[in-house]
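Here is how the chains run, residue by residue.
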Number of protein chains: 4
Amino acid sequence: MGSTWGNALKLSIFGESHGAGIGVVMDGLPAGQPIDLEDLQLFMDRRAPGRTPWSTSRREGDQPRILSGLYNGKTTGTPLAMVIENTDTRSKDYSELTIKPRPGHGDLTGIMRYDGANDPRGGGHFSGRLTACLVAAGGVARQILARRRVQLAGRIFGIGCVYDRQVSWVNPDPDILKNLANKAFPVIDDDLGLQMADVVAAARQNGDSVGGTVEVIAWGFPPGIGDPIFDGLEPRLGSLFFAIPAVKAVEFGDGVAVANRFGSENNDAPSFVSVNGETKLRMLTNHGGGSDGGISNGMPIVARLSIKPTPSIGKVQPTVNLTTMQNDELQIKGRHDPCIVPRAVPVAEAALAIGLLDQWLGINGRRF
Amino acid sequence: MGSTWGNALKLSIFGESHGAGIGVVMDGLPAGQPIDLEDLQLFMDRRAPGRTPWSTSRREGDQPRILSGLYNGKTTGTPLAMVIENTDTRSKDYSELTIKPRPGHGDLTGIMRYDGANDPRGGGHFSGRLTACLVAAGGVARQILARRRVQLAGRIFGIGCVYDRQVSWVNPDPDILKNLANKAFPVIDDDLGLQMADVVAAARQNGDSVGGTVEVIAWGFPPGIGDPIFDGLEPRLGSLFFAIPAVKAVEFGDGVAVANRFGSENNDAPSFVSVNGETKLRMLTNHGGGSDGGISNGMPIVARLSIKPTPSIGKVQPTVNLTTMQNDELQIKGRHDPCIVPRAVPVAEAALAIGLLDQWLGINGRRF
Amino acid sequence: MGSTWGNALKLSIFGESHGAGIGVVMDGLPAGQPIDLEDLQLFMDRRAPGRTPWSTSRREGDQPRILSGLYNGKTTGTPLAMVIENTDTRSKDYSELTIKPRPGHGDLTGIMRYDGANDPRGGGHFSGRLTACLVAAGGVARQILARRRVQLAGRIFGIGCVYDRQVSWVNPDPDILKNLANKAFPVIDDDLGLQMADVVAAARQNGDSVGGTVEVIAWGFPPGIGDPIFDGLEPRLGSLFFAIPAVKAVEFGDGVAVANRFGSENNDAPSFVSVNGETKLRMLTNHGGGSDGGISNGMPIVARLSIKPTPSIGKVQPTVNLTTMQNDELQIKGRHDPCIVPRAVPVAEAALAIGLLDQWLGINGRRF
Amino acid sequence: MGSTWGNALKLSIFGESHGAGIGVVMDGLPAGQPIDLEDLQLFMDRRAPGRTPWSTSRREGDQPRILSGLYNGKTTGTPLAMVIENTDTRSKDYSELTIKPRPGHGDLTGIMRYDGANDPRGGGHFSGRLTACLVAAGGVARQILARRRVQLAGRIFGIGCVYDRQVSWVNPDPDILKNLANKAFPVIDDDLGLQMADVVAAARQNGDSVGGTVEVIAWGFPPGIGDPIFDGLEPRLGSLFFAIPAVKAVEFGDGVAVANRFGSENNDAPSFVSVNGETKLRMLTNHGGGSDGGISNGMPIVARLSIKPTPSIGKVQPTVNLTTMQNDELQIKGRHDPCIVPRAVPVAEAALAIGLLDQWLGINGRRF
């Protein structure tokens, strides 16, 4: 197993970085949902490599070809399959890596797990390229959610030691959030974004890479969605976020900061508030990121993902040589992102969309 | 769904805090594994309430009664079911809470999710009491792992703003780790532990509660265990850790700190090292917490859980009144932990044991 | 794994025939559904042993104790757990069977599967007694279906070579079907039922057992429920029916007879028909048992289960001796049904109810 | 859901008959297994249409293109994805069928299930064409099983009222069984096969179709594989067999015939027998089809599938008109098999291979 996920909405992801193609099957979608392929492609493009100075120069169209599940522009209700061909692969770049595994990568553990039979080219099935499948699936899921007034956005929360402005997600401004998708470097405070870009540029110049944090927000998600214990919002979304390569921490709401708090500071108290003349039930604060007991409370759902610096760096690194069985050194060549955080933003949004739609369908059914 | 988890080892948890009983069914255990019931009870006792000044004064035996799956002291291979009777329930304490839901608790979202049909007494199925089921299952799992030389330990990493000593988990000292289980307040530096206890005592005196962090470590876990993408160690363990009530962040290895790093600082490089005269393949550092690409690399597996302050506090709090449909105030009476972090340590260890055994069985099969 | 089933509604069954108790956890039930415990017990009683001359003289109350999931007489929406204590166990009857496994039983394969660690007493987890758990779960499921006008019934279709009247299930008579539940020997033609009883009596007198067929029918199930390929009505219900011990064939609609037909004979053609003045869409025939392409078509859902003669017979039989490792003979003592077919009727109804409710919840959601 | 199956080995099938392509993802295969693509194609060819006078004249190459999971001729251990392009589609043939649904087909229930959004062309996702995906997956599974000395074969057991010779599957002759795969009309007694062919030819001439029975056998499968209750061999294999369109009954071992038997006739008694000088534990008979209590007993695993006559016939049939909302008539044009039984043989073998490999991997793990 490994690459299959879901309760009401099942995903099956396949492919290797330098194989014939990668793809995803979505099983359990509601029928009759219009899917705007142009919107899907725009969402895919946000993850695609080769578009900013910060990303690898590998260029892939990353155009998902829909093999099934869409008829006359609408979902059929039966499995929706998307395939992305691998076109620009330079496998020779990777020949050295089965002998000298890259530190911090899955090269060595992949060999251990599969007794050396796995496809090592470009990281194989463990490549960040596989996140294109997640984005394709998420691009479908978010369109279905959007028609139910659930909106999603994501931003770079920090790179290295530079952070974007903190926002208390009680009443998010939809205009600011929606505009993030149009930015090549999606932050709220563009000045801080420029500082982050400098950190990336410096890492790049040093043949190094740098980590960062992504924040994603969903608003308009109705209260009362989620299940107890293992299928609460946090465990389900958490399992998706941690499926994104390089994610080493996942936070909901105030995340690690809750550990320093008193209950009187941290509790989100419900309150009847007047919104445009109507009385609504809201929380006065949103430390919990929209979830109590694993169930949505109607507030924005907020998560942050800590992303490690990409392990592929140009600097000389110690490693082992599996042919000589001696310690050795490695200098990685080829095209690599000095910072994958900007490209991880739509990936995290996609995971959020998939997780929320799965929960929704499980509780409300697949007849819309 | 909600309370069922697992691939090769399936768990089904049931029960409500003030109902007849709670329990867990474990399906998929290997047959013929001796289970030491005394050891299981000692592990349960580490979570049980009413044993320290920091925990609620509710007293439950918390003795799991094994209904099936154990024969002549060994697992049968067919489902192992454990039931814990609820004996000391004072439901009158909770009568007010369906009208005035507790801030930060699942009271209100439970009503939204189940249209008010859920059992509200003591939090019902959302009660922290249900973690006794996780501990019972984990207590079985860790004995099976221990016989394969996989050891687990956990500690309070911090309470409020006081933290225990940081440890780089490259060569953990088994004696220090094993001794943690014997401490009422499991920290490595007992002086820091006393400071944490002061924080708890202060919160208690103020009718408040305080959050904290738990760290868990597994060592001796073989390399090459884990699956790609959705079933990597992080997503699988993450889904279990987030199933523990009050957990708002999960970190693996250096966790949120990786976001601030350069790749050259963060990569764990493999190396042939001499251990007691034998050449072994190890990582020089362990920033990744024992996992690369979701697969174990032979280093200690390390995770940290950020636990929010328990929402049940004695202070007056704003809330809504669902009878009058007006804003109102609430002062919670009854027995509540000012800090659940110490009791969460064995819960996190249990989740770790369950997750690792599930992965192991899925790859190596259930014939030992 | 093994004893866990379900998509939208998950079942986890545990227990061994002569252990402390058996039980079932149902996860995913809709909340707020009233459960009539008296009706549940009446349904359980139809399976309970010791009530007719044809069944084993072992007497168990078979009263499920509900540990969770029911509050104020209604489902909470969180897991419903039921436990049945084992009270009348005479384990000494079975001591010989680990040495000389009973032909046709799971004794030998159980030893092979679990390396001898499984509980052999009374068949352990493989005992027909475990079907009480299925009946308990099915008893809950059918009440929820009944409130949505889905009715279920079952009958003995045949024992040995004597068969009840064939019925073309196009317009079933609800009165005849509902009355079946009141009969100790549920057949449509009671004269044929008496002939069947004679077959059972003869088998009993010979120290032998006899097989038979059970037919179950659900009517009022709405059209359009079911999923393609693996989750069609037939594969899902089939997996449940084959989970009943001793079932060696499952047929839907005309079953094995379809193999002998021409398409022009077998096709169920849709037609607008007038029912009480209203125009309804119906099938003119029901050879398919209410399912086309795995999806319900609004006609009665019909299945038949072929049940082998219970392997525990009084006659001397050849077997192996696992101590001497020689061929040997066995004469089974103890209390055994000469024919389990009558008791299998509510078990098959229960499986049908569980399967249909799971499909319904998966498509329509769990908010009623 | 619907098109996803499996515990240790997960399958995800996608595609519509006249869409861009169909395919299957296999997740959970052991790594390093050589796959002979020529052998796979030969197996695919046994199902492919257009090769005998009995089958539809539609011609598809049915060549699975492997997108991932195979590297240097061996499985990588990560998902193996296969796509079959749809090349010869004549969608105009089907335009009438959304208005006048074909009796006995999923046309009408598909519309009910998906509110008319499903792809109706050629049956869409419900088309028999999707079984090519099952055959592709089964073709991989059987090669892996074969390397562990598990062999599979299948035959036409009957068409209309003509049946092939009954065989008691105690000591199957491998030569006879292996030769079945080479026959265009795979029966044991070729004279009876000619009679069956006459039945098909007559049905064809009448613009009609005819049903039949397929029998599949696996030998060399080790004893002790299978799980209790829901994951026994019968429920797991049964769920796969019933996923094949047109299957209305599934029998294991003697199947429906066990209902007429006495226990003394039906029990399979174990015995130590001498095989080539070695003492082996065998059953004296094989009425149970190789399974006791859902667990393999070392005897050949035998199942029979009753296949209804294909509903697409040339004769005029009653149906409804969903435009006029009146009763109407339909005469189906286009290319259709008068008898799909011969082509169903490799499909049933494929299902058997998938089911047995899934059970094997779940118990023995995926490290070979």
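For clarity, every value in this text was computed on a predicted model and none was experimentally measured.

**Considering the sheet that holds strand 1 (residues 4–5) of chain A**
Residues and elements named next belong to chain A. One open sheet holds the five strands; their spatial order is 1-2-3-7-4, and the pairing between them is antiparallel. Looking at which strands have only one partner, the edges of the open sheet turn out to be strand 1 and strand 4 (65–68). Along the sheet, helix 3 (residues 131–146) contacts strand 2 (10–15), strand 3 (21–27) and strand 7 (80–85); its crossing angle with strand 3, the most-contacted strand, is approximately 35°.

**Focus: the interface of chain B and chain C**
Every contact between the two is made by 46 residues of chain B and, on the other side, 46 residues of chain C. Both faces considered, chain B and chain C share a buried interface measuring about 3,600 Å² in area, 57% of it formed by carbon and sulfur atoms. For the pair chain B and chain C, the interface holds two salt bridges. Here Glu 85 of chain C ties to Arg 65 of chain B by a salt bridge, and the two come within 3.2 Å at their closest N and O atoms. Run the count over chain B and chain C and you get 15 residue pairs in polar contact (both at pLDDT 80 or more). A total of five residues in the side of chain B that touches chain C trace back to one element, the largest contributor, which is strand 2 (residues 10–15) of chain B.

**Focus on the confidence of the model for chain A**
When pLDDT is averaged along chain A, the result is 93, and 94% of the positions lie at 70 or above. Predicted as a complex, the structure gets a pTM of 0.97 and an ipTM equal to 0.96.

**What about helix 5 (residues 190–205) of chain D?**
All names here are of chain D. End to end, helix 5 covers 22 Å across 16 residues, agreeing with the expected 22 Å (1.5 Å per residue, within 8%). Among the residues of helix 5, Leu 192, Gly 193, Met 196, Ala 197, Val 199, Val 200 and Ala 203 are the ones counted as buried. Down the axis of helix 5, the buried set is contained in an arc of 155°. They therefore lie on one face. Exposed side chains of helix 5 directed beyond 90 degrees from the buried face belong to Asp 191, Leu 194, Asp 198 and Gln 205. Looking at the packing, one finds that the buried side of helix 5 touches strand 8 (151–159) and strand 9 (162–163). Capping of helix 5 at its N-terminal end is provided by Asp 189; its side-chain oxygen lies 3.0 Å from the backbone amide nitrogen of Asp 191. Just downstream of helix 5 lies Gly 207, where phi reads positive at about 65°.

**Quick notes on the relation of the copies chain B and chain A**
With an RMSD of 0.0 Å, chain B superimposes on chain A once it is rotated by 180° and translated 0.0 Å along the axis. Here the copies are linked by what is in effect a two-fold axis. A symmetric contact is evident, with 100% of the interface residues of chain B recurring at the interface of chain A.

**A look at the interface of chain B and chain A**
By a widely used convention, the size of an interface equals the accessible area lost when the partners come together. Residue-level contacts link 96 residues of chain B with 96 residues of chain A. When chain B packs against chain A, close to 7,600 Å² is buried across both sides, 66% of that on carbon and sulfur atoms. Taken as a group, Phe 230, Lys 248 and Phe 272 of chain B account for 11% of the area that chain B buries against chain A, more than any other trio of residues on that side. Summed over the shared surface of chain B and chain A, the number is four salt bridges. Here Asp 227 of chain A makes a salt bridge to Arg 113 of chain B, at a shortest N to O gap of 2.8 Å. There are 41 residue pairs in polar contact (both at pLDDT 80 or more) connecting chain B and chain A. The leading source of residues in the side of chain B that touches chain A is helix 2 (residues 107–114) of chain B, at six residues. Grouping the constituent residues of the side of chain B that touches chain A by class yields 46 nonpolar, 38 polar and 12 charged. Pairing geometry for strand 11 (residues 247–252) of chain A and strand 11 (residues 247–252) of chain B, over three bridges, is antiparallel. The residue of strand 11 of chain B that forms the bridge with Val 250 of chain A is Val 250 of chain B.

**With respect to the pattern of salt bridges**
Applying the stated rule across the entire model yields 84 salt bridges over all chains. The salt bridge partner of Asp 164 of chain C is Arg 155 of chain C, with a shortest N-O separation of 2.7 Å. A residue is classified by how much of its surface remains accessible, and Asp 164 of chain C, at 4% relative accessible area, is buried. A relative accessible area of 0% places Arg 155 of chain C in the buried class. The network of salt bridges with shared partners includes Arg 155, Asp 164, Glu 215, Glu 251 and Arg 304 of chain A.

Criteria and thresholds
- Each chain has its residues counted from 1, running along the sequence as written.
- All chains are assigned letters beginning at A, and all ligands numbers beginning at 1, according to the order in which they are written.
- Under the rules for a predicted model, residues below a pLDDT of 70 receive no local features and side-chain atom pairs below 80 are neither given nor counted, while totals for whole chains, interfaces and linings still include all residues.
- To get the side-chain values, take all heavy atoms of the structure and skip hydrogens and water.
- Strands pair, by our definition, only if DSSP identifies at least two bridges between them.
- In DSSP terms, a helix is any run of H or I states spanning at least four residues, a strand is any run of E spanning at least two, and both are numbered starting from the N terminus.
- Here, residues are in contact when the closest pair of their heavy atoms is within 4.5 Å.
- Axis definition: a line fitted to C-alpha atoms, limited for helices to the stretch in contact. Angles are taken between N-to-C directions and run from 0 to 180 degrees.
- What gets called buried area is simply the loss in accessible area from a 1.4 Å probe that two parts show on being joined, summed for both.
- Think of a salt bridge as a Lys or Arg side-chain nitrogen and an Asp or Glu carboxyl oxygen that are within 4 Å of each other.
- Polar contact criterion, stated in full: a pair of N or O atoms within 3.5 Å, where within protein one must be able to donate a hydrogen and the other to accept it, and residues adjacent in sequence count only if both atoms are side-chain atoms.
- Residue-level confidence of the predictor is summarised by pLDDT, bounded by 0 at the bottom and 100 at the top.
- To estimate how far a helix should extend, the number of its residues minus one is multiplied by 1.5 Å.
- Each residue is placed in one exposure class: buried if its accessible area under a 1.4 Å probe, protein chains only, is under 20% of its type's maximum, exposed if it is over 50%, and partly exposed if it falls in between.
- Note that the arc is computed from the directions linking the helix axis to the C-beta atoms.
- A residue counts toward the fit only if its pLDDT is at least 70 in both copies, and the copies are then superposed by least squares on the C-alpha atoms of those residues.
- Side-chain classes follow a simple rule in which Ala, Val, Leu, Ile, Met, Phe, Trp, Tyr, Cys and Pro form the nonpolar group, Asp, Glu, Lys and Arg form the charged group, and the remainder, Gly included, forms the polar group.

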